Amino acid sequence: MNVKKQNFLIPGAVALAAVVIPFVLIRLGVIDAYTSQVLTMGGINAVIAISVNMVAGIVGQLTLGQCAFEAIGAYSVIIFTQDAGLPLPVAMLVAPFLAAVFGFLIGFPTLKLEGDYLAIVTLAFGEIVRVVLVNLKGITGGPNGKSFKYSFMRDDLFWGPAVSYLVSIGMLVVVIVLLQNFLHSTYGRAIKSIREDEIAANSNGISVFKYKMIGFVIASFIGGLGGALYAPIIGFIKPDIASFNNSVNMLIYVVLGGMGSMSGTVIAAFVLTAVQEALRFLGNYRLLFYPVVLIIVMLFRPQGLMGMKELSFANGFYWLKDRFLKKNGAKAEVEAKSEGEAE
């Protein structure tokens, strides 16, 4: 088998195992419903954190209101399904595109400017979305939120926690695969060049505004997809989903995992989601954990867990294979030497 096929099959096998094995264990009851829900939330948080990383780590622009797109996706799914009568799969596909449209409307006037204007605008946009959701009581349920009667977590509708995990982690894998392929394309390399040096990229004929817009719209789409997953899986949403605090939490995942590292962001999302659940007995005091984590990261690992590097399962497989071959080769050499001395 050639290297290209191995580089494709090894990550594919790992991704398939990450989706199928826990799904089967949840169905068999080996993994309980609570643990499966934590894993499911980790997958949703990872999708939204990837959207933040797309803007902050790949495009190189700071965003402080990315969860506004999550809220748009989440509320759109419920409204399209319960009020407009669309099938749930169709609503989950349409909602991210609606979030992308809002991303285009926000980015078009903002990304033409230099500096941190995008951070200010996205912060304001998040607050606008939250206030609108609070006041449109007839459509959104107001500050009390809106429930979703087709929640995946209900065992009487389908497979409950198992299908929730399957949808969440399966979609996370799809997002990672598609985004990594995009980042290795001509468009992705152009966006990365803008992140490194806008002036140099512009002098080489790269349209800075165009590629910033492409990156930001893709990030908005992914954020809306995270919301489209959140609503049917959790079954209840509130306007606070668009709050500044929620967006900052997602930004913390990116900072801890590493700006520009998708695998680092995913690892940080799962770890912090699990830690937050483990510290739930502390009540609101558990929120002190995030500032402590940020201080420690800034002091000892300012580039984050992975920096800009990506976790490679193929390279890990090759490393283990080389270690195994060297160990067996050394063992055979020792045995041959011992046999020669015995003769």
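Treat the numbers as computed from the prediction; the structure is a model and nothing was measured.

K.L.:
Sorry, what's going on with the packing of aromatic side chains here?
P.N.:
Aromatic ring pairs are described here by two measures, namely the spacing of the ring centres and the angle between the planes. Overall, the coordinates contain seven aromatic pairs when judged by the stated rule. On the basis of an interplanar angle of 55 degrees and a centroid distance of 5.7 Å, the ring pair of Tyr-187 and Tyr-211 is categorised as tilted. Of this pair, Tyr-187 sits in helix H8 (residues 186-196) while Tyr-211 sits in helix H10 (residues 208-234), and the two are 24 residues apart along the sequence. Note on Tyr-187: relative accessible area 40%, which makes it partly exposed. Judged by its relative accessible area of 13%, Tyr-211 falls in the buried class. Members of the aromatic cluster, connected to one another through ring pairs, are Phe-69, Phe-102, Phe-125 and Phe-216. The ring of Phe-209 has Lys-112 lying over it, and the distance from NZ or CZ to the ring centre is 5.5 Å.

K.L.:
Help me understand the side chain of Ser-243, please; the structure alone is not making it clear to me.
P.N.:
With respect to the helices and strands, Ser-243 occurs in the loop between strand S2 (236-237) and helix H11 (244-257). In terms of polar contacts, Ser-243 uses its side chain to reach the backbone carbonyl oxygen of Asp-240, at 2.8 Å.

K.L.:
What am I meant to see in the confidence of the model for the protein chain here?
P.N.:
Do not read the predicted coordinates in detail wherever pLDDT is low. Residue-level pLDDT values for the protein chain average 82, and 86% of them are 70 or greater. For the protein chain, per-element mean pLDDT is lowest for helix H14 (residues 313-342), which scores 58, and highest for H10, which scores 91.

K.L.:
So what exactly am I meant to see when it comes to the side chain of Glu-70 here?
P.N.:
Residue position: Glu-70 is located in helix H3 (residues 67-83). Here Glu-70 is buried and forms no salt bridge, its nearest opposite-charge partner Arg-130 lying at an N-O distance of 13 Å. Leaving out residues up to four positions away in the same chain, Glu-70 has contacts with Ile-48, Gly-223, Gly-224, Gly-226, Gly-227, Tyr-230, Ile-241 and Asn-246.

K.L.:
Would you mind going over helix H5 (residues 117-135) with me for this structure?
P.N.:
Helical geometry note: an α-helix holds 3.6 residues per turn, so side chains three or four residues apart project in the same direction. Compared with the 27 Å implied by 1.5 Å per residue over 19 residues, the 27 Å span of H5 between its first and last C-alpha is a close match. Taken as a whole, H5 has its buried residues at Leu-118, Ala-119, Thr-122, Phe-125, Gly-126, Val-129 and Leu-133. Down the axis, H5 shows its buried residues gathered within 125 degrees of arc, on one side only. Facing away from the buried side of H5 by over 90 degrees, the exposed positions are Ile-120, Ile-128 and Asn-135. Along its buried surface, H5 packs onto helix H2 (33-59), H3, helix H4 (88-110), helix H6 (137-140) and H10.

Conventions we followed
- Residues numbered from 1 in each chain as written.
- Predicted model: local features only at pLDDT ≥ 70, side-chain atom pairs only at ≥ 80, totals over all residues.
- Heavy atoms only, no water.
- Phe/Tyr/Trp six-rings, centres within 6.5 Å; stacked < 30°, edge-to-face > 60°.
- Helix = DSSP H or I, 4+ residues; strand = E, 2+ residues; numbered from the N terminus.
- Buried < 20%, exposed > 50% of the residue type's maximum accessible area, 1.4 Å probe, protein only.
- Lys NZ or Arg CZ within 6 Å of the ring centre and 35° of its normal.
- Polar contact = N/O pair within 3.5 Å; in protein donor to acceptor, adjacent residues only side chain to side chain.
- pLDDT = per-residue confidence, 0-100.
- Lys, Arg positive; Asp, Glu negative; His and termini not counted.
- Salt bridge = Lys/Arg side-chain N within 4 Å of Asp/Glu carboxyl O.
- Contact = heavy atoms within 4.5 Å.
- Expected span 1.5 Å × (residues − 1).
- Arc of directions from axis to C-beta.

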